[in-house]
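# Overview (structure and organization)
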Amino acid sequence: LTFEASVDQATGGGADGFCVAFGQNITPTSLNATDAHFGYYNPAGGPINPDFNQSFGVEFDIFDNTFNPAFISDIAGTDHTAICPNAVPTFPCPGGGPAPISPTTANVKDGLFHDYKIEWCPLDTTMKVYFDGSLRLNSSYDYRRLFTTPSAIHWGISGGTGSFCSNHVVKSIV
């Protein structure tokens, strides 16, 4: 899956980010939570919406939530990416981060379009996440174990903002 995305700092330095969610039961109307949870995560930890029971999300988090101990997958002062299963943001998958989104800057909220790529290789059960051609995550985990029917997976992109705002624009999805 490849796409271009742009995020900016509309107010207060920008927040919160977006998530590419993959799931067996996700539909166009699936929603779990708002604001810092990107429409995917449940703030109480784990899915409340049963649509997310068999899922994982690749998050692109542009807000520093280290003030809240519930966000253990945060990196202080750095926009980051992580892969988390079943709408639980506190337990990334093996090798699923967190890692800085960019290898060259802590802040990707520049309003420019950047290239994103999420690559799954079922032969060696690796998932790789790229930002502008740079490998950011290399996770060795058989994500098919999350699903009862791995050949019938839906995906979608959701985002959210809380007290501060950002524009999240995604285009050229392939």
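Structure: see above.
First, a word on what this report is: a plain description of the structure on this page. (Residues numbered from 1 in each chain as written. Predicted model: local features only at pLDDT ≥ 70, side-chain atom pairs only at ≥ 80, totals over all residues. Heavy atoms only, no water.)

## Some words on the packing of aromatic side chains
This model, assessed by the stated rule, comprises 13 aromatic pairs. When the centroid spacing of 5.9 Å and the interplanar angle of 40° are considered together, the rings of Phe 63 and Phe 164 count as tilted. Highlighted residues: Phe 63 in the loop between strand 3 (55–61) and strand 4 (80–85) and Phe 164 in the loop between strand 9 (154–160) and strand 10 (168–171), separated in sequence by 101 residues. The class for Phe 164 is partly exposed, based on a relative accessible area of 32%. Between the aromatic rings of Tyr 141 and Tyr 143, the centroid separation amounts to 4.9 Å while the plane-to-plane angle is 80°, which identifies the pairing as edge-to-face. Both residues of the pair, Tyr 141 and Tyr 143, belong to the buried class. Counting every residue linked through ring pairs, the aromatic cluster contains Phe 22, Phe 56, Trp 120, Tyr 141, Tyr 143 and Phe 147. When the ring centre of Tyr 130 is taken as reference, the NZ or CZ atom of Lys 117 above it lies at 5.5 Å. Above the plane of the ring of Phe 113 lies Lys 171, whose end atom (NZ or CZ) is 4.1 Å from the centre. (Phe/Tyr/Trp six-rings, centres within 6.5 Å; stacked < 30°, edge-to-face > 60°. Helix = DSSP H or I, 4+ residues; strand = E, 2+ residues; numbered from the N terminus. Buried < 20%, exposed > 50% of the residue type's maximum accessible area, 1.4 Å probe, protein only. Lys NZ or Arg CZ within 6 Å of the ring centre and 35° of its normal.)

## Considering the sheet that holds strand 7 (residues 126–131)
Taken in spatial order, the 5 strands line up as 8-7-6-1-10 in an open sheet, and their pairing is antiparallel. Edge positions in the sheet fall to strand 8 (134–140) and strand 10, since each of these pairs with one other strand and no more. Going from strand to strand, the sheet's axes swing by 20° on average, the running direction of each strand aside. Two strands pair when backbone bridges link them, and strand 6 (residues 114–121) and strand 7 are joined in this way by 6 bridges, in the antiparallel orientation. In the strand pairing of strand 7, Cys 121 is matched with Thr 126. (Pairing = 2+ DSSP bridges. Axes fitted to C-alpha atoms, helices over the stretch in contact; angles between N-to-C directions.)

## Quick notes on the environment of Ala 15
Tracing the backbone through its elements, the reader meets Ala 15 in the loop between strand 1 (2–7) and strand 2 (17–23). The class for Ala 15 is buried, based on a relative accessible area of 1%. Between the alpha carbons of Ala 15 and Asn 167 there is a distance of 8.8 Å; along the sequence they are 152 residues apart. Setting aside residues up to four positions removed in sequence, Ala 15 forms contacts with Ile 62, Phe 63, Gly 160, Thr 161, Phe 164, Cys 165, Ser 166 and His 168. (Contact = heavy atoms within 4.5 Å.)

## Considerations on the environment of Tyr 130
You can see Tyr 130 is positioned in strand 7. For Tyr 130 and Lys 117, which are 13 residues apart along the polypeptide, the C-alpha to C-alpha distance reads 5.0 Å. With sequence-adjacent residues up to four places away left out, Tyr 130 is seen in contact with Asp 115, Tyr 116, Lys 117, Glu 119, Leu 135 and Arg 136.

## A word on the side chain of Lys 109
With respect to the helices, strands and loops of the structure, Lys 109 is situated in the loop between strand 5 (99–100) and strand 6. Residues contacting Lys 109, with those up to four places away along its chain left out, are Val 7, Asp 8, Gln 9, Gly 13, Gly 14, Ile 62, Asp 79 and Ser 166.

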